[in-house]
Every structure is written in C-alpha cells, then in structure tokens.
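# Structural description and commentary
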Amino acid sequence: MAKDFYKILGVDKNASDDDIKKAYRRLAHQYHPDKGGGDEAKFKEVNEAYQVLGDKKKRQTYDQFGSAAFENGGMGAGGPFGGGFGGFDFRQGFPGGFSGGDMGDLGDILGEMFGFGGRGGSRDSARGRNIEMDMELTFHEAAFGVEKMISLYKQVACLRCKGDGAEPGSKTITCQTCQGSGQVKQTQRTMFGSVQVATPCTACHGRGKKPEKECTNCRGAGVEKREEKISIAIPAGIDNEEVVKAPGQGEAAPYGGRTGDLFLRVHVKSDARFERDGHDIHSDLVIPFSTMALGGTVTAETLDGHESIKVHEGTIAGTIVTLRGKGVPYLRSSGRGNHHIRVIPDIPKKLTKEQKRLLDELKKEGL
Ligand SMILES: [Zn+2]
Ligand SMILES: [Zn+2]
C-alpha cells in the first residue's frame with residue numbers, strides 16, 4: 001500500500017545522491033521490459049521512486065512527511081485521505097508551487113499514489129485493454145519459429161473515421177469547455193487538504209479538440225468492435241509457457257488513447273522422438289548391436305531431418321553421440337544448442353534360424 005521509495009531502490013535513507021543514481025541505473029537495467037526477465041511493473045516502480053529520490057527538492061519533501069503520510073494519516077488508518085492532514089496546505093509543503101497542471105512529475109506520481117488524476121494518470125486510464133491468449137505450437141514450430149495468422153474479435157479503430165472520431169469531411173474544432181487545453185481545473189480534497197488538480201476535460205476527452213460532427217458509426221469514440229486477422233511472428237527457440245508480446249495488438253482505446261498489447265502464452269506440443277531441455281535436444285537411437293561392436297554409419301532423426309552419424313567400433317550401450325549446433329536455435333540470438341543422441345542396441349525379440357546359428361558361433365568365441 002504505502003510505497004517506500006528507499007526500499008524500492010534498495011538504498012539506505014542516508015544514501016548519497018550518487019548511490020541513489022547507481023541503484024536506479026542497476027535496477028532500471030535489470031527490470032527493463034525489453035530485457036529477458038524484465039518486469040514492467042517493477043520497472044515503473046523503480047522509475048517512480050527515482051523521480052522523487054533523484055531530485056534534491058522532491059527527496060527532501062518526501063523525507064519530511066513521507067512516513068507520516070503513509071503510516072499515520074495514511075489510507076489504511078482513517079479511510080481514504082483521513083487522518084490529521086485536513087488543514088495542511090499542499091502548496092506550502094511542496095516547493096515550487098502546485099496548482100493544477102503545474103504539479104509536474106511529482107503531481108503525476110502523487111496522482112497515481114493517491115488516486116487523483118495527475119497528467120500521466122489520465123492518459124494511462126485511456127489506454128486500450130491488453131489481450132492475453134494461449135497458443136499451441138508444434139515442437140518444430142517452437143524450435144524454428146513460425147508466422148501465425150490469428151483472428152481476434154476486439155475493439156479496433158473505427159473504419160469509417162479511421163479512429164479520429166470525426167464524420168468524414170467534418171472539420172475539427174477547438175473544445176469550448178476547456179478552451180483547447182484538454183484539462184479542467186477542479187478542487188479535490190486529499191490527505192494534504194484541498195488541492196487544485198487538473199482533470200481531463202470530459203467534453204473533448206482531454207484532447208482539446210473535437211470533431212464538429214461526430215462519426216455516425218462510433219459516435220465520436222473512434223473505435224468499434226470487429227474481428228481482425230493479424231499475423232504474429234513467433235520467434236525461433238521459444239519454449240513452453242513462454243510469452244510473446246505483440247505491442248499495439250491489443251484493443252484500441254477510445255478518443256485517441258494508446259492501443260493495448262497482445263500477450264500470447266505458448267504451449268508447445270511434445271514430440272515422441274525428441275525431448276527438449278532448454279536449447280538442447282535429447283533422443284534415443286536404436287541400432288543393430290553388430291554396428292555397435294564393429295562401428296559404422298547409421299541414420300538419425302534430427303530437427304533438420306535425417307542425418308548420418310558415425311558409430312565408433314566398440315561403442316557401448318547408452319553412449320551419447322553429440323551433434324553440435326543441431327539443437328534448438330537460441331531465442332533472439334544466433335546459434336543453436338546441441339542434439340544428444342543416446343545409442344541403444346537393438347536386441348531382436350525373434351531371430352531367424354541363420355541368425356541364431358551365427359550367434360551360437362559367436363558365443364563359442366566368447367561373445
Ligand atoms: Zn468512427
Ligand atoms: Zn475540452
């Protein structure tokens with residue numbers, strides 16, 4: 001509930017500006033959503049913390065009543081915005097003067113924390129929904145990647161107005177309600193007392209402009225529900241339960257908001273021939289025991305098809321023959337894992353008369 005910015009950055013309350021900067025860099029790098037193992041929520045949190053602690057004035061302000069605001073008069077104690085902050089003048093506490101749109105970054109941050117609309121908050125709330133879905137892939141498709149066409153029934157940009165909400169041919173005019181600023185100022189009660197905040201103008205949905213005549217198909221929202229076919233590139237080397245993100249393929253947002261993302265969770269079907277272990281492949285190959293004793297060439301199935309492999313003279317049962325670079329391609333980088341083939345002797349259940357005779361001869365020879 002309460003956010004401890006120091007804890008989020010993993011630094012001491014007495015940490016130097018330099019330490020804070022270093023901790024931020026390390027964590028931002030670690031959680032960056034574009035990285036493997038990234039974490040968008042954590043990344044956002046770390047950025048939020050640094051926006052305050054990385055700024056001398058904001059950090060001072062946060063230190064001054066951060067803990068009191070969170071622990072005593074906080075949301076948990078006396079209900080939302082309860083506690084002893086009724087008479088507090090917000091503007092005095094925060095140097096730089098806060099009114100409406102002048103709240104700056106900290107306004108956004110506090111807005112998100114306390115639930116009133118900062119500048120950033122209003123944009124985020126207008127974001128299109130993310131879509132999550134499952135997709136089944138064959139063993140081969142997962143190994144080498146595949147282009148998949150999928151059909152989605154979702155909110156998309158209106159065909160008639162191409163998403164801008166205006167009836168084709170209609171002019172765009174400045175919103176009269178907000179005089180084009182896209183915001184209206186409102187006084188809200190917060191735990192710090194009354195504060196003037198800017199909220200998005202409802203008449204123009206924060207855009208400052210609106211169509212003179214709204215689109216007759218979407219009534220100005222710029223979106224409609226429709227089935228859409230999209231092509232998704234599944235990268236080579238993806239493994240079971242991994243997620244592919246297709247940015248901007250989620251649902252469109254009304255009134256020009258950002259489109260959501262599509263997340264595909266991959267389920268890889270098993271293959272009777274191959275077992276996958278990361279980027280390596282394991283398989284068994286049953287070959288005549290005479291080949292194991294005498295050596296020779298046999299044919300093995302690999303991801304790339306049939307491959308000749310050499311078996312050395314005197315190969316014992318269970319020997320692993322490794323085919324380098326014949327495994328699964330590495331996800332989003334070059335190179336491939338290896339294919340390990342376990343050699344198993346074929347002991348026939350039934351022998352022909354001639355085979356039996358020859359084996360009896362071998363037995364006499366001590367084999
Ligand atoms: Zn439309
Ligand atoms: Zn407006």
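The shown structure was predicted, so the numbers you read here are calculated from the model rather than taken from an experiment.

With that settled, the discussion passes to the overall build of the protein. Assigned secondary structure in the protein consists of ten helices and 15 strands. Taking contacts inside the protein between residues at least 6 apart in sequence as the whole, the part at least 24 apart equals 63%.

A separate point is the nonpolar core. The biggest cluster of nonpolar side chains holds twelve residues, and these are F5, Y6, L9, I20, A23, Y24, L27, V46, A49, Y50, V52 and L53. Within the residue set of this core, elements represented by two or more residues are α1 (5-9), α2 (17-31) and α3 (40-53). Sort the elements by how many residues they give to this core and α3 lands first, with five residues. Grouped together as the second largest cluster of nonpolar side chains are nine residues, A221, V223, A252 and A253 included.

On to unusual backbone geometry, then. The backbone of H205 sits at a positive phi, close to 55 degrees, despite the residue not being glycine. Looking at the element boundaries, H205 is found in the loop between β5 (193-200) and β6 (209-211). Of note, the phi angle at E241 is positive, near 75 degrees, even though the residue is not glycine. Assignment of secondary structure puts E241 in the loop between β7 (223-234) and β8 (243-246).

A few words now on the pairing of strand β4 (residues 183-190). Examined bridge by bridge, β4 and β5 share eight bridges and lie antiparallel to one another. Each residue of the ladder has a partner; that of K185, found in β5, is A198. Connecting β4 to the next strand, β5, in antiparallel fashion are two residues.

Read across the sheet, three strands follow the order β1-β9-β8 without closing on themselves; strand pairing throughout is mixed. Of all strands in the sheet, those with a lone pairing partner are β1 (131-137) and β8, marking the two edges. Strand-to-strand twist across the sheet, computed as the mean angle between neighbouring axes with direction ignored, equals 25 degrees. Two strands pair when backbone bridges link them, and β8 and strand β9 (residues 262-268) are joined in this way by four bridges, in the antiparallel orientation. What sits directly across from A246, in β9, is L262.

Once that is clear, we can look at the packing of α2 against α3. Contact geometry for α2 and α3: axes closest at 9 Å, N-to-C directions at 160 degrees. Our classification of the angle between α2 and α3 gives roughly antiparallel. Between α2 and α3 lies a crossing whose hand is left-handed. In contact with I20, Y24, L27, A28 and Y31 of α2, α3 contributes K42, F43, V46, N47, Y50 and L53. Among the residues making up the contact of α2 with α3, the classes are represented as nine nonpolar, one polar and one charged.

Reading across from one edge, β10-β11-β15-β14 is the order of the four strands in this open sheet, with mixed pairing throughout. Each of the sheet's edge strands pairs with one partner strand only, and the pair in question is β10 (275-277) and β14 (320-323). With direction set aside, neighbouring strand axes in the sheet form an average angle of 30 degrees. In this sheet, strand β15 (residues 339-346) lies alongside strand β11 (residues 280-288) in parallel orientation, the contact comprising eight bridges. For L285, the partnering residue across the bridge sits in β15 and is V343.

Examined against the element boundaries, T199 turns out to sit in strand β5. The spacing of T199 and T187 is twelve residues in sequence and 9.9 Å in space, taken between C-alpha atoms.

Parameters and conventions
Residues numbered from 1 in each chain as written. Chains lettered and ligands numbered in written order. Predicted model: local features only at pLDDT ≥ 70, side-chain atom pairs only at ≥ 80, totals over all residues. Helix = DSSP H or I, 4+ residues; strand = E, 2+ residues; numbered from the N terminus. Contact = placed C-beta atoms within 7 Å. Core = buried A, V, L, I, M, F, W, Y, C linked by C-beta atoms within 7 Å. Buried ≥ 20, exposed ≤ 12 C-beta atoms within 10 Å, placed from the backbone. Pairing = 2+ DSSP bridges. Axes fitted to C-alpha atoms, helices over the stretch in contact; angles between N-to-C directions. Parallel < 35°, antiparallel > 145°, perpendicular 65-115°, else oblique. Left-handed = near helix turned anticlockwise from the far one by under 90°. Nonpolar A, V, L, I, M, F, W, Y, C, P; charged D, E, K, R; others polar.

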